Amino acid sequence: MEPHRARHDPIVEIFSTTVVDGILLRAEAYDLANRRWYRVDVRDATSADPKWLVSTLTRRLRQHHDVYAAAPPWNTLVVADLDGEQFLTQIRPPSKVDREIRRALVYGGGQGRRRRKGPDDSQRPDGQRLPTIRVDALRALRYLCRSADRCSWEGRECVFKRIEFDLDVGIVADEIRAREAALQALRGIRCCDGRAAGKRDDADKDMMRRFFSLVPILAVVVATRPPWPQGTVAGILTPYAGRDLEVLLQQQQQQHGELPLTMTHLRALTRGVANMARFGVVHGDIRYWNTVFEEEEEGQEDRLLLIDAGTIAPGGYEGDARALGSMMLWCLRHAPRLRECRERRVMVVAAVCALAEGDFAAALSCLSTKI
C-alpha cells in the first residue's frame, strides 16, 4: 500500500479477464479504496464470473487484515476451486501485476504539457500560475471516491484529486486550465479591501470562492514515486469544502431530513456562474454531484461551491446556464425551505426559465426578490 495511506474496506473492481490455455482464467483486479492492483488466477475458467471474482478477492483481503492488521504483502491470488477455499497467494513483480499509467501531464517551468506513449498530444495549460508540491507532502490519505482521496497537508484538511487511470490525465489538465483561466480573469479585479486578486496568497483562494463559487486549487501535486512517472503531475490538491449535494441528501434522508438550502444559496451560486460566463470561464459539468455544501465556519456563511471544473460533460451538454437551471429544479424537489413556500417555488422556476435563455441578470433578479 502506498505511503501515508489509511486502510479502507476493499472496494474491488475487475478491469479485464483473459483465458490462458483454455483452462486458466486470469483477472486484472483493482482495489479502488486502497489504490492497489491484484491478479487473480482461477484454475477453472468455465465458471468464474466477475461478481464471484470480486467477492473472492474481497473476502481474502478482509481475512488477511483481520489476522495481521496490515495490507497483504502478496499481489496475486491463485484459486483452485470455485468455493474459493483452496487457494494460495504469491508476490509477483509490480510490473507483472500493476496497470501502467501510460499518459502523463508535465507542469512547471512556465509550461505544461500532456505526454503519453504513442501519438503526440500537444494540448498545453497556458503557463504555470499554480504552486506545486511533492506527493510525499500529503499525509493521512483516505479513500473518498474514485480518483479522489481525503488527506491532510500543512495541517489543513484537503482533497487529493489524483491521476489514477489514463483517462484522468485529460480531466486533471482541463481542471488546471479552468482554474488558471479563472485566476487570469481575477487579475485586476480588486477585493473590497483593495488587494489585487492576481497575487498568489489567500486572497486568490477567497476570491475564487466568492467571485466564481469555485473550490480553488491549492497546488498541483508532482510525483516522486510510482505509479506516476517521476516529475509528472500526480493530481491536484484542493481544500476539503464539504459534502456534495448527492451525498448530503443521502445522509440527511437517513436521518429523515432534506437539504438545508435557501434562496441565498441559489442566488450566490448563480452570481458565481454568471461571473464565470462574463469572463469566459466554462465549468462544463454543473450537476448536484459536482456541487458541495460548505458549512459555516470562522464567520463565513455556508454556501454552495462547484468542483470538477473544466471538462465538458458528454452527451450534449447545453451550457453552464441551462445546467445550473436543471440543478436548481433538483434542489427545489429536495429542499423544504424552497419547495414548501409557494412564492419561493415560483421565483426559483422563473429563475430556471431565465437561465434556459442564458439571462443571468433576470435569474438573479428572481432569486433576489424578498419573500
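Structural data are supplied above this passage.
Residues numbered from 1 in each chain as written. Predicted model: local features only at pLDDT ≥ 70, side-chain atom pairs only at ≥ 80, totals over all residues. Heavy atoms only, no water.

### What about the overall build of the protein chain?
Along the backbone of the protein chain there are 10 helices and 16 strands. Within the protein chain, buried positions represent 49% of all 371 residues. Taking as baseline every contact in the protein chain between residues at least 6 positions apart, the subset at least 24 positions apart corresponds to 58%. Total accessible area on the protein chain is roughly 18,100 Å²; 49% of this is exposed by carbon and sulfur atoms. (Helix = DSSP H or I, 4+ residues; strand = E, 2+ residues; numbered from the N terminus. Buried < 20%, exposed > 50% of the residue type's maximum accessible area, 1.4 Å probe, protein only. Contact = heavy atoms within 4.5 Å. Areas by Shrake-Rupley, 256 points an atom, 1.4 Å probe, with all protein chains shown as cover.)

### Brief notes about the sheet that holds strand β8 (residues 132-134)
One open sheet holds the six strands; their spatial order is β8-β12-β13-β11-β10-β9, and the pairing between them is mixed. Every interior strand has two partners, whereas the edge strands, β8 and β9 (139-145), have only one. Direction aside, neighbouring strands of the sheet carry axes that sit 35 degrees apart on average. Sheet topology places β9 next to strand β10 (residues 148-153); four bridges connect them, and they run antiparallel. Each bridged residue has a counterpart across the sheet, and for Arg142 the counterpart in β10 is Arg150. (Pairing = 2+ DSSP bridges. Axes fitted to C-alpha atoms, helices over the stretch in contact; angles between N-to-C directions.)

### So, the sheet that holds strand β14 (residues 243-244)
Paired through their backbone hydrogen bonds, the strands of a sheet run either parallel or antiparallel. In space, the three strands of this open sheet follow the order β14-β15-β16, with antiparallel pairing throughout. Since the sheet does not close on itself, it has two edges, and those belong to β14 and β16 (303-306), each with one partner. Relative to strand β15 (residues 291-294), β14 runs antiparallel, the two being bridged by two bridges. Within β15, the position partnered with Asp244 by the bridge is Val292. Lying on the sheet, helix α6 (residues 263-278) is in contact with β15 and β16; it crosses β16 at an angle near 30 degrees.

### A look at helix α5 (residues 245-254)
Those residues of α5 that sit buried are Leu245, Leu248 and Leu249. Down the axis of α5, the buried side of the element spans an arc of 100 degrees, and every buried residue falls inside it. Where α5 is buried, its residues contact β14, β15, β16 and α7 (320-334). Capping of α5 at its N-terminal end is provided by Asp244; its side-chain oxygen lies 2.9 Å from the backbone amide nitrogen of Glu246. Looking one or two residues beyond α5, the residue adopting positive phi is His256, at roughly 60 degrees. (Arc of directions from axis to C-beta. Polar contact = N/O pair within 3.5 Å; in protein donor to acceptor, adjacent residues only side chain to side chain.)

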